[in-house]
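Architecture at a glance
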Amino acid sequence: MGRARKSKPGSRRAAHPPSTLSHLREGEQGVLDRLELSLEEAQRMMELGFVPGARVTAAGSAPGGDPRVYRVDGSEIALRRETAACLKLRRPMSHRTA
Amino acid sequence: MSDCHGCSPSPTLVTPSPVTLPQKARRLVAIVGPPNCGKSTLFNQLTGLRQKVANFPGVTVEQRTGTVRFDDGRKVLLVDLPGTYSLSTRSEDEQVTHDVLVGRCEDVRRPDAVLLILDSTNLERQLLLAAPVLAQGLPTLVVLNMADDLRRRYGSVDLKSLSRQLGAPVALVSAARGEGLDAVREFLAGEASPPVRTLVELPIITDVPKCRMWARQVGSGANYRAPAPPLWTRRLDAAFLHPMWGPLIFLSVVLAVFQSVFVAAVPLTNGVQALIDRAGGAVAGWLPEGVLRSLLIEGVWGGVGSVIVFLPQILVLFLFIGVLEDSGYLARAALIADRTMAKVGLQGKSFIPLISAYACAVPAIMATRTIENKRDRMATILIAPFMTCSARLPVYALLIAAFIPERPLVGPLLGTRAATLLGLYMLGFLAAVVTARLLKSSILKSHRTPFVMEMPPYRWPTLRSLGLRLYDRSKVFLRRAGTVILGVAIVLWILAHVPLQDGKVPPIEDSVAGTIGRTVEPLIRPLGFNWKIGIGLVSSLAAREVIVGTLGTIYGMEGKAENSSLQAAIQKDLTTGGAIALMVFFAFAMQCMSTLAVVRRETASWKWPALQFAYMTTVAYIGAFLAYHIFS
């Protein structure tokens, strides 16, 4: 990333690694584990690149952080927080930490 | 064979051995591709102005067809199918694309061949659509678009091996720059193209992860090197999506658009006005005094001419909307606006149809097809006519110019006139938002569907695409001026000349038109309108801008338009409060037959358009009443 991410001092997340897309802050990335959506909605998301195993990077957002743009599979897709919260990330121990 | 560019040593078109097929009467080729892949740009490049828009029967999906002509006189018919990510049949868009390709669409026969457009800068994901399309077995040319972008960002792909793996010819083009299109034309001209023969087993199409695996294999088999991230898009987004600068830029863009509608378009408007006046004067000089001259000058020239004057302002507005949309900024604007939309229970996806409702509610209501949730779609249809469509602009522009003195508000950035116009636009938007809130919390309550929107990389808008937009808009506007407005102007002129009194034309108050106006006068007097405005309101039930034409005709008959402009004439009939009331009335009222007709068709019942008409007219009446009493 060419751009330093804005991290607040005293980040309390060291103990709780991001578990869904909505927990990723700008510049952070994670690996998608599963989509907790209805079959139809999950299908749509997968067509856009949100397949389990895909690496997702959080990018810019509307003011207030919702909706946020995510980089996945070579494109940028904006999701509302409520949807991003349904996309669960893989535990960092099975993958490198962000 | 093509103006090959130096990026790849392989030719832009790789064809497996040709097979000869019997020729059909007129070759029909379908264009298929995911959204944002440059499908429309390619379609425009190939067909130019030889295109028309129709509707698939039974559904709201727009069908664009165009003709490609070859030097030897042969023609190929192109049909641009809606952009889809897959051929599953969840939305109407996908259903139509699917039905056309399998030959199940009543209106369009099964195409002879397919142009599958994919964005070469994101090939592996876009190949997801290739699997189901190629599985149809139609002769297919896989067109990899955005070649210039791919090259600039150091991406590459081996076309030969991609073609081998897909079993279909592949062309690398840049539709925006017109690069590599010879290969596409060659494919279109080919009387017989080989049907697809797949060497690789196509994956189970409904299983997306498996399909994605297949796409990755094809990509790596073709030595696909994904391009570097779009640097400029990242840089621009850092500003446009900045927590503070983002909304400020959004606001300045909106203000700049409105200010330029008044400031930048003024010389053009004056030019058109002068042209119309001079032509009218010349015709009047040629014709002998009599009925024909009166009809032509007062009826037609006064009516139609006073509407046509507003063409430059409409075009300036559409130039801006076109630049915003083609550059990719509109998607960011939708992102910034999503929170507001969510608050009223709508989704960001409703934002795009609502933006296009600024042009005209009719295509906007058709564009609601992208909203999968039926109730959300219904709510969007019902609020779309509140958005300030371009037919309102002539009414606003006339009244603002006549009643609002121009004074700078924020230095040279924003004047009182642009601010008034902006206020009217916001008023319409507010009415839409409040109505949506009401609908979504009562009769159209529904679960929220996920909001998903792709952010395309920023691109320079092409002159060609902007030109086509302006051409289309002018065509629609002038056609309406030549049909609806001309018709109403003639009918009105006749109604204003009968019944004859002792063989003479009656004073306009006693004519049929005058009687109609005076009949509705008691109803509209509380809003500050007299009987002349009443005639305008009744006639503008057909279309909003008709009121300008009607007033042009009426004042033309009173002989006032001879010396003074329509603006000066209307100042005698309205107070400033009445003028503001009239603008508020038009901000809210559903004065448009075409919109009612399209709502009737979309909702398949008269209930919704009737409800919509009654509701909007009531809101308009109350709004105008309040405005009149506040401002006078």
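Conventions and cut-offs
Residues numbered from 1 in each chain as written. Chains lettered and ligands numbered in written order. Predicted model: local features only at pLDDT ≥ 70, side-chain atom pairs only at ≥ 80, totals over all residues. Heavy atoms only, no water. Helix = DSSP H or I, 4+ residues; strand = E, 2+ residues; numbered from the N terminus. Contact = heavy atoms within 4.5 Å. Areas by Shrake-Rupley, 256 points an atom, 1.4 Å probe, with all protein chains shown as cover. Buried < 20%, exposed > 50% of the residue type's maximum accessible area, 1.4 Å probe, protein only. Salt bridge = Lys/Arg side-chain N within 4 Å of Asp/Glu carboxyl O. Patch = residues over 30% accessible without salt bridge, like charges linked within 9 Å, V, L, I, M, F, W, Y side chains within 5 Å. Polar contact = N/O pair within 3.5 Å; in protein donor to acceptor, adjacent residues only side chain to side chain. Pairing = 2+ DSSP bridges. Axes fitted to C-alpha atoms, helices over the stretch in contact; angles between N-to-C directions. 1 Å grid on protein atoms, 1.4 Å probe; cavity = no way out; pocket = protein on both sides within 12 Å on 5 of 7 lines; lining within 4 Å. Points joined across faces, edges and corners; volume = space filled by probe spheres on them. Nonpolar A, V, L, I, M, F, W, Y, C, P; charged D, E, K, R; others polar. Core = buried A, V, L, I, M, F, W, Y, C linked by side-chain atoms within 4.5 Å. Buried area = accessible area lost by both parts, 1.4 Å probe. Parallel < 35°, antiparallel > 145°, perpendicular 65-115°, else oblique. Lys, Arg positive; Asp, Glu negative; His and termini not counted. Charge placed at Lys NZ, Arg CZ, Asp CG, Glu CD. pLDDT = per-residue confidence, 0-100. Phe/Tyr/Trp six-rings, centres within 6.5 Å; stacked < 30°, edge-to-face > 60°.

A word on the overall build of chain A
Within chain A, the regular secondary structure consists of 2 helices and 5 strands. In chain A, the order of α-helices and β-strands from amino to carboxyl end is β-α-β-β-β-α-β. Taking contacts inside chain A between residues at least 6 apart in sequence as the whole, the part at least 24 apart equals 53%. Entry remark: accessible area of chain A is about 5000 Å², with carbon and sulfur atoms responsible for 51%.

Concerning the overall build of chain B
When its secondary structure is counted, chain B shows 26 helices and 11 strands. The 632 residues of chain B split such that 56% are buried. Within chain B, contacts between residues separated by at least 24 positions form 74% of all contacts whose residues are at least 6 apart in sequence. When the accessible area of chain B is evaluated, it comes to approximately 26800 Å², of which 63% is carbon and sulfur surface.

A word on the pattern of salt bridges
For the structure on display, the rule yields 34 salt bridges over all chains. With its nearest N and O atoms 2.7 Å apart, the salt bridge here joins E76 of chain A to R71 of chain A. Each member of the pair, E76 of chain A as well as R71 of chain A, carries the same accessibility label: buried. Through salt bridges with shared partners, a single ionic network connects D148, D149, R151, R152, R153, R177, E179 and R459 of chain B.

Side note on a nonpolar patch on the surface
Residue and element names in this part refer to chain B. Taken together, the side chains of L523, Y621, I622, F625, L626, I630 and F631 present a nonpolar region at the surface, about 700 Å² in accessible area. Along the chain, F631 turns up in helix α26 (residues 607–631). The exposure class assigned to F631 is partly exposed, which follows from its relative accessible area of 49%.

Things to note about helix α21 (residues 531–539) of chain B
All names here are of chain B. The buried fraction of α21 amounts to 8 of the 9 residues, a majority that puts the element mostly inside the structure. Restricting attention to buried positions, one finds in α21 the residues W531, K532, I533, G534, I535, G536, L537 and S539. If you check the start of α21, you find a side-chain oxygen 3.1 Å away from the backbone N of K532, and it comes from N530.

Things to note about the sheet that holds strand β5 (residues 87–89) of chain A
Strand order in the open sheet made by the 6 strands is β5(A)-β1(A)-β2(A)-β3(A)-β4(A)-β11(B), with antiparallel pairing throughout. Two strands bound the open sheet, and with one partner strand each, they are β5 of chain A together with β11 (452–455) of chain B. Here the average twist between neighbouring strands, direction ignored, is 45°. In the sheet, strand β4 (residues 75–79) of chain A pairs with β11 of chain B via 4 bridges, with the strands oriented antiparallel. Within β11 of chain B, the residue paired with E76 of chain A across the bridge is M455 of chain B. This element, helix α1 (residues 39–47) of chain A, spans β1 (29–35), β4 and β5 of chain A together with β11 of chain B of the sheet and lies at about 145° to β1 of chain A.

Some details on the side chain of D80 of chain B
Structurally, the position occupied by D80 of chain B is in strand β5 (residues 75–80). Residues in contact with D80 of chain B, not counting those within four places in the same chain, are I31, K39, S40, F43 and R64 of chain B.

Describing empty space enclosed by the protein
Taken as a whole, this structure holds 4 cavities of 30 Å³ or more when the rule is applied. There is about 40 Å³ of room inside the largest cavity. Along the walls of the largest cavity sit E47 of chain A together with P34, Y85, R125, Q126, L128 and L129 of chain B, which together make up its complete lining. Per element, the largest residue contribution to the lining of the largest cavity is 4 residues, and it comes from helix α3 (residues 123–134) of chain B. For the lining of the largest cavity, a count of residues per class yields 4 nonpolar, 1 polar and 2 charged.

Regarding the nonpolar core
Core analysis: the biggest nonpolar cluster contains 114 residues, and F529, L537, I570, L574 and L582 of chain B have the highest contact counts within it. Of all the elements, helix α24 (residues 576–588) of chain B adds the most residues to this core, at 10 residues. The contact partners of L574 of chain B, leaving out residues within four places of it in the chain, are L399, F403, G528, F529, I533, A579 and L582 of chain B. Listed in part, the 64 residues of the second largest apolar core include A54 and V72 of chain A together with V108 and W214 of chain B.

A word on the interface of chain B and chain A
The interface of chain B with chain A comprises 35 residues on the first partner and 31 residues on the second. Between chain B and chain A the total buried area reaches about 3000 Å² when both faces are included, carbon and sulfur atoms providing 54% of it. In terms of surface lost to chain A, no three residues of chain B exceed R90, R339 and V452 of chain B, which account for 19% of the buried area on that side. Summed over the shared surface of chain B and chain A, the result is 5 salt bridges. Secondary structure elements with two or more residues in the side of chain B that touches chain A: α3, α7 (208–221), α8 (231–240), α13 (329–343) and β11 of chain B.

Side note on the packing of helix α25 (residues 593–603) of chain B against α26 of chain B
All names here are of chain B. As a packed pair, α25 and α26 sit with axes 7 Å apart at the nearest point and diverge in direction by 140°. The angle between α25 and α26 falls in the class oblique. For the pair formed by α25 and α26, the contact residues are L596, V599, R600 and T603 on the first element and W608, P609, Q612 and F613 on the second. Classifying every residue of the contact of α25 with α26 gives 5 nonpolar, 2 polar and 1 charged.

Notes on a positive patch on the surface
A contiguous patch of positive charge, built from R26, R50, R69, K75 and R464 of chain B, is present on the exposed surface. For R464 of chain B, the location among the structural elements is in helix α19 (residues 463–495).

As for the confidence of the model for chain B
Atomic detail in the predicted coordinates should be set aside for any region of low pLDDT. Counting all residues, the mean pLDDT for chain B is 82, and 88% of those residues have values of 70 or more. At the level of chain-chain contacts, confidence expressed as ipTM amounts to 0.80, with global pTM at 0.77.

Quick notes on the environment of S632 of chain B
Residues and elements named next belong to chain B. Relative to the helices and strands, S632 resides in the segment after α26. Placed 51 residues apart in sequence, S632 and A581 show a C-alpha to C-alpha distance of 9.9 Å. There is a polar contact of 2.3 Å between the side chain of S632 and the backbone oxygen of Y628.

Topic: the environment of M45 of chain A
Of note, M45 of chain A is situated in helix α1. Note: C-alpha distance between M45 of chain A and R81 of chain A (36 residues apart in sequence) is 14 Å. Here M45 of chain A is in contact with L35, L37, F50, L79, T83 and L87 of chain A together with V452 of chain B, once residues within four sequence places are set aside.

Brief notes about the packing of aromatic side chains
Residue and element names in this part refer to chain B. Inspection of every chain in the model, using the stated rule, returns 5 aromatic pairs over all chains. Ring geometry for F240 versus Y458: centroids 5.7 Å apart, planes at 70°, classification edge-to-face. Here Y458 lies in the loop between β11 and α19 and F240 lies in helix α8, a separation of 218 residues in the sequence. Given a relative accessible area of 14%, Y458 falls into the buried group. Between F386 and Y615, the aromatic rings sit 6.1 Å apart at their centres with planes inclined by 85°, giving edge-to-face as the arrangement.

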